[in-house]
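Listed here are the chains, written in short residue letters.
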Amino acid sequence: MVDLDPEQKAPSSNMSDKKKELLSTAMKRTSEWIFSQEIPSDVTVNAGGTSFSLHKFPLVSKCGYIRKLVTESTDADLAVVEIPDFPGGPEGFELAANFCYGINFEITTENIATLRCAAEYLEMTEEYSVGNLVGRTESYVNEVALKSLAGAVSILHSAENLLPIAEKVKLVSRCIDAIALVACKDSQFAAPVRAGGTGPNDSKPIVDWWAEDLTVLRIDLFQRVLIAMMARGFKQYALGPILMLYAQKSLRGLDAFGKGRKKIDPRQEHEKRVVLETIVSLLPREKNTMSVSFLSMLLRAAIYLETTVACRLDLERRMALQLGQAVLDDLLIPSYSYTGETLFDVETVQRIMTNFLDFEVDVGYNADDQDHVSPSAIEVEKVAKLMENFIAEIASDRNLSVSKFISIAELTPEQYRMTEDGMYRAIDIYLKAHPALSDMERKKVCSVMDCQKLSREACAHAAQNDRLPVQTVVQVLYYEQQRLREAVDGSSSSLNDTSAIPAKPGPYSSDVHIVTDEVSSLRKENQDLKLELVKMKMRLNEIEKPSPAAFGSPSPATTMSRPGSADKPPLHPLPKKSFISSVSKKLGRFIRADGLSAQGSRGRTKPAKDRRHSIS
């Protein structure tokens, strides 16, 4: 075989193209003439359950599929062509037939996917006609439709019903790449995170303008779009708002907030279950990218739709990670067991709280991720308060057993509860809703409460609460009395410490200096008074002693005495006695009154005896 030169090949190819173009023009004119003359049809095509009465010539001239059927048929006069699984159904075949007859119609983003798949199925390529439908549709897809995100989404949405032929012509993959490219280009979360830039904890992701358009896609194509976006650098934590929009739209109408029998079609239930499981698998792993309310809504739907256990456990762990941000309504998950046990799902809340406590000990969810940190003290206190409110809410349920109440109450460690008022309130509600409990059961219920942490108001209420067992009331009264005793002892000891221990100098110790000076002056005055008192006692003892010359010559004191009063005591001790009395009145705590009375009495008894002798 002899190869031709390129110069010889070019004219031959140009000649063949011109011949094809002339032939196509002639066929087009012939088809238009047939259509205008209303010539009776010679073939019937059944496409998608609809019959079309057409002519063989226009179809054979542009459709390789029809040409093969006619030429390979054993029947010389083929009158019926069956195409049951035509892509796009009867609407798609009608568009292709209009193109074969040369009828003008508009190509849009709504029908381009159907036209492209119909052209591929009927083999309407350039091999059979120049400017055939395959080439026309490809030009529109590449030059018009895929240039905008709305056009790519519209084509991808239309391609959902055109599989697998839409995958064969790479229509789906091209649309997904175009959407991912535009989304990453226009989003602020596609670029790498710089120092101090956007992150999951710096600012909450906002919903981009194109996120609403993606909600029309089927869940499998929606998932492929998000994966393609992340492959191009889109941050996973920024998928939260997009997933929230899609979940709210796809799970709309699901009665997952009320207790009752399911009112949903089994087929629809299966579709929603697949949607929910896929959304959960796409949720970001970073903390605070999804709200707790949204996670609670997904968990309710997962329990209602009976998704896989792994899906529900994943949602429970995510809620536990952000339990400090939850409110009471987020934990009030209806029970769908239909066994008449409890109104709310207590077991699910128990698992959530257990996961939260595990996070405090060890992060465990993703040890390599810095976004997962142990709960703070403020967060732990909020969770403890939240659990108290939850227990108080479910305590009024008459179907809540004692064991289940105690198990959920014991989940919150006592060191997390600053006071026991919330737990006491829950216990009081439970005892009021279950009046038939025995004394032993009431003791078990009250054992989850630490009576030492009750406030004075709670203690006052508990002391008069007839629903509490007697032992609990006694404990409350005992601890309250002990608290009062410690308060009194603490106040008195603080006063004693203030007078006994010198205050340390400091910038704010002026008041302490004043008190210390007063105490020192009082001590000094007290010592001086004691010394003066001792001196007075010594002088008094000296005066009372008998003088050696008393039996011989009269003393000077006797000569100065008045007549008739020689046996009376001398007058000079009286001023001393009055001085002692004045001192005892001023500082009675430092002078013993009994000692003074003894000395005074001893000074008065002797004159009394002398007075009796003088009278007799």
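Scroll up to find the structure.
Residues numbered from 1 in each chain as written. Predicted model: local features only at pLDDT ≥ 70, side-chain atom pairs only at ≥ 80, totals over all residues. Heavy atoms only, no water.

**Student:** Quick rundown of the side chain of N132? Include the residues and the values.
**Tutor:** The residue N132 is located in the loop between α5 (112–121) and α6 (133–143) in this model. For N132, a relative accessible area of 0% corresponds to the buried category. With residues near it in sequence (within four places) discarded, N132 still touches K62, F99, M124, T125 and E126. (Helix = DSSP H or I, 4+ residues; strand = E, 2+ residues; numbered from the N terminus. Buried < 20%, exposed > 50% of the residue type's maximum accessible area, 1.4 Å probe, protein only. Contact = heavy atoms within 4.5 Å.)

**Student:** Outline the packing of helix α19 (residues 402–409) against helix α20 (residues 421–433), supporting the account with residue identities and numerical values.
**Tutor:** Viewed as axis vectors pointing N to C, α19 and α20 meet at an angle of 170°, and their least axial separation amounts to 12 Å. With respect to α20, the axis of α19 lies roughly antiparallel. In this structure, α19 contributes V402, F405 and A409 to the contact, and α20 contributes M423, A426, I427 and Y430. Among the residues forming the contact of α19 with α20, the class breakdown is seven nonpolar, no polar and no charged. (Axes fitted to C-alpha atoms, helices over the stretch in contact; angles between N-to-C directions. Parallel < 35°, antiparallel > 145°, perpendicular 65-115°, else oblique. Nonpolar A, V, L, I, M, F, W, Y, C, P; charged D, E, K, R; others polar.)

**Student:** Now, about the nonpolar core: what can you tell me, with residues and values included?
**Tutor:** The tendency in soluble globular proteins is for nonpolar side chains to be buried as a group. Within the largest apolar cluster, 123 residues are counted, with the highest numbers of intra-cluster contacts made by M229, I242 and L283. Among the elements that line this core, the one with the most residues is helix α14 (residues 292–305), at 11 residues. Ignoring anything within four residues of it in the chain, the contact list for M229 reads A180, A183, C184, W210, F234 and I242. In terms of nonpolar packing, the next biggest core, distinct from the first, is built from 26 residues, I83, F86, F99 and A118 among them. (Core = buried A, V, L, I, M, F, W, Y, C linked by side-chain atoms within 4.5 Å.)

**Student:** Any details on helix α15 (residues 309–321)? Residues and values, ideally.
**Tutor:** With 13 residues, α15 should reach 18 Å at 1.5 Å per residue; the first-to-last C-alpha distance of 18 Å fits that figure. Every buried residue belonging to α15 is among C311, D314, L315, E316, R318, M319, A320 and L321, and all of these are buried. (Expected span 1.5 Å × (residues − 1).)

So yeah, pure geometry; function would need other evidence.
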